[in-house]
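Architecture at a glance
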Amino acid sequence: MRSQISKNLFFLSCIFIAEIGFASERREFYNGIRALGMGDSSVATANDETALAENSAGLGRIREYYGTIFDPEVELGAKAYSLYTAKAYTNFTSIPSVMPAVLASPATYYHARTQFMPSFVAKNFGIGLLVKNTLDLEIPDAAAPTTANAFSRDDMALLLGYNFRFFDGRIKLGFTGKVISRIELNESALDATQPLDSTSLAKAGLLKDGLGIGVDVGLLLAAPWTWLPTFGAVLRDAGGTSYDKIKNFRNKDATASPTTTPQDLDVGFSVSPIHTNYIRSTWTIEYRGVLTTSTETDPQKLYHAGAELNFYDHFFVRAGYNQRYFTAGMEVSGKYLQLQFATYGEEIGTAAQSREDRRSVVKMAIRF
């Protein structure tokens, strides 16, 4: 009896440690590299095809139509390379591929994300297909060397956005409809010795699959003054987005649907001074999660701020503040080719014990 109680206490302590060290990261439907370089701020600054996911009212800022044919975006955490050199893996968003490297390096946080979003946008209208894969893994406690914190999300989403302009565009009201196919695993105490292929995890009820339909509502209010002060707001997943419209949509072995995404509200403010005929800048602050603030134990995770210097519409330099940590980015943009880089810190700890995961992002986009 005493032995059984000790085992139970040990198991609960492992879960508690995992929750402190891992489950506190805020996860979002979309993260664009431009915003990440600017402190992950986008609500009041979205002005290109990413407005489909960031703030649909930003579609009203697009001057002419264009499309993105190929725009891969790759993001790796600070420890991804050292884990790879210690034990190589072939697919950096696959649990069975990366887990051996994580098992060989306890207390090392692994993060990787890939996404692309071919799209077509014109003034007040846009359509895009988002494909995004995210993987986070860690063995948090050396005393439990085969118990892993694991988060995996595979999203495929069709986005359709439209914006209405009022008072010569000073008020923009946009809507984005989302059809999302999601496959997700979120376990704070995953037994890493069990079969980790998608079929086995789905049959065990750990890997969840489903199709959801959601709507985001975006707003931009711009004052007709020199620096164009702009207030932005996005009501994300209005009414909540559940993923039970079609179960087992891409994984026939899944026995459950992903967790419902609750309705939330993000707000931001920006100014855009023009310095010369060829140089201008954008400065913005943002507060995320207005409707879910009560569930966030670390309020610092909700604050964002950033700035961008634009030279000739071809070269951009960015910097910002994201959840206690600095961010930076740059972009070289031509008529058909766009190259971007960003680095940012993500808070993966708690208010009492902050913990940064420094991440690097690269993106190349081919447009027409």
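No experiment lies behind these values; they were computed from the predicted model shown. (Residues numbered from 1 in each chain as written. Predicted model: local features only at pLDDT ≥ 70, side-chain atom pairs only at ≥ 80, totals over all residues. Heavy atoms only, no water.)

**Some words on the side chain of Thr 50**
Formally: Numbering of helices and strands starts at the N terminus; helices are DSSP runs of H or I of at least 4 residues and strands are runs of E of at least 2. A 1.4 Å probe rolled over the protein chains alone gives each residue an accessible area, and that area as a share of the maximum for its type sets the label: buried under 20%, exposed over 50%, partly exposed in between. The definition of a polar contact used here is a pair of N or O atoms within 3.5 Å, where within protein one atom must be able to donate a hydrogen and the other to accept one, and adjacent residues in sequence count solely through side-chain atom pairs. Contact between two residues is taken to exist if any of their heavy atoms lie within 4.5 Å; hydrogens are not considered.
Relative to the assigned elements, Thr 50 resides in the loop between α2 (33-37) and α3 (51-54). For Thr 50, a relative accessible area of 9% puts it in the buried group. Here Asp 48 takes part through its side chain, which lies 2.5 Å from a polar atom of the side chain of Thr 50. In this structure, Thr 50 is in contact with Tyr 30 and Met 117, ignoring residues within four places of it in sequence.

**Things to note about the nonpolar core**
Keep this limit in mind: The nonpolar core is taken to be a set of buried Ala, Val, Leu, Ile, Met, Phe, Trp, Tyr and Cys residues, with the residues joined through side-chain atoms within 4.5 Å.
Judged by nonpolar contacts, the single largest core of 25 residues is most densely connected at Met 99, Tyr 110, Leu 137 and Leu 201. Taken together, the elements giving at least two residues each to this core come down to α4 (80-86), α5 (95-103), β3 (110-116), β5 (125-138), β6 (147-166), β7 (171-191) and α6 (198-203). The residues touching Tyr 110, leaving out its near neighbours within four places in the chain, are Ala 80, Leu 83, Tyr 89, Phe 92, Val 98, Val 102, Leu 135, Asp 136 and Leu 137. By size, the runner-up hydrophobic cluster in this structure holds 16 residues, among which are Tyr 30, Ala 51, Leu 159 and Ile 180.

**Comments concerning α5**
Those residues of α5 that sit buried are Ile 95, Ser 97, Val 98, Met 99, Ala 101 and Val 102. Elements in contact with the buried residues of α5: α4, β3, β5, β6, β7 and α6.

**Details of the environment of Asn 91**
As for its position among the elements, Asn 91 is in the loop between α4 and α5. When neighbours within four sequence positions are excluded, Asn 91 is seen to be in contact with Ser 97 and Val 98.

**Things to note about the side chain of Glu 286**
Along the chain, Glu 286 turns up in strand β12 (residues 279-287). In this structure the side chain of Glu 286 is engaged in a polar contact, spanning 2.8 Å, whose partner is the backbone nitrogen of Ser 42. In this structure Glu 286 touches Asp 40, Ser 41, Ser 42, Val 43, Ala 44, Val 267, Gly 268, Leu 302, Tyr 303 and His 304, once residues within four positions along its chain are discounted.

**Quick notes on unusual backbone geometry**
Despite not being glycine, Leu 228 shows a phi value in the positive range, around 50°. You can see Leu 228 is positioned in the loop between β8 (208-222) and β9 (230-236). Residue Leu 228 is classed as partly exposed on the basis of its relative accessible area of 39%.

**A word on the pairing of strand β16 (residues 337-347)**
Rule in force here: When DSSP finds at least two bridges between two strands, those strands are taken to pair.
Burial of β16 is extensive: eight of the 11 residues sit out of reach of the surface. Of the pairings in the sheet, the one linking strand β15 (residues 325-333) to β16 comprises seven bridges and is antiparallel in character. Bridge pairing in β16 links Ser 333 to Gln 338. Hairpin connection between β15 and β16: a loop of three residues separates the two successive antiparallel strands. Examined bridge by bridge, β16 and strand β17 (residues 356-367) share 11 bridges and lie antiparallel to one another.

**Concerning the packing of aromatic side chains**
Keep this limit in mind: Here a pair means two rings of Phe, Tyr or Trp (six-membered ring of Trp) with centres within 6.5 Å. Their orientation is stacked below 30 degrees between planes, edge-to-face above 60, and tilted elsewhere. Two conditions define a charge sitting above a ring: the NZ of Lys or the CZ of Arg must be within 6 Å of the ring centre, and it must be within 35 degrees of the ring normal.
Tallying each qualifying case throughout the model produces eight aromatic pairs. The interplanar angle of 90° and the centroid separation of 5.7 Å between the aromatic rings of Tyr 89 and Tyr 110 together place this pair among those described as edge-to-face. Placement of Tyr 89 in the loop between α4 and α5 and of Tyr 110 in strand β3 is noted, with a sequence separation of 21 residues between them. Per residue, the accessibility class of Tyr 89 equals that of Tyr 110, and both read buried. Ring geometry for Phe 164 against Phe 175: centres 6.3 Å apart, planes inclined by 80°, an arrangement best described as edge-to-face. Here Phe 175 lies in strand β7 and Phe 164 lies in strand β6, a separation of 11 residues in the sequence. The class of Phe 164 is partly exposed, set by a relative accessible area of 39%. On the accessibility criterion, Phe 175 (33% relative accessible area) is partly exposed. Aromatic ring contacts, followed pair by pair, group Tyr 84, Tyr 89 and Tyr 110 into a single cluster. One cation-aromatic arrangement involves Arg 27 over Phe 151; the distance from NZ or CZ to the ring centre is 3.8 Å. Across from the ring centre of Phe 29, 4.8 Å away, lies the NZ or CZ of Lys 178, which sits over that ring.

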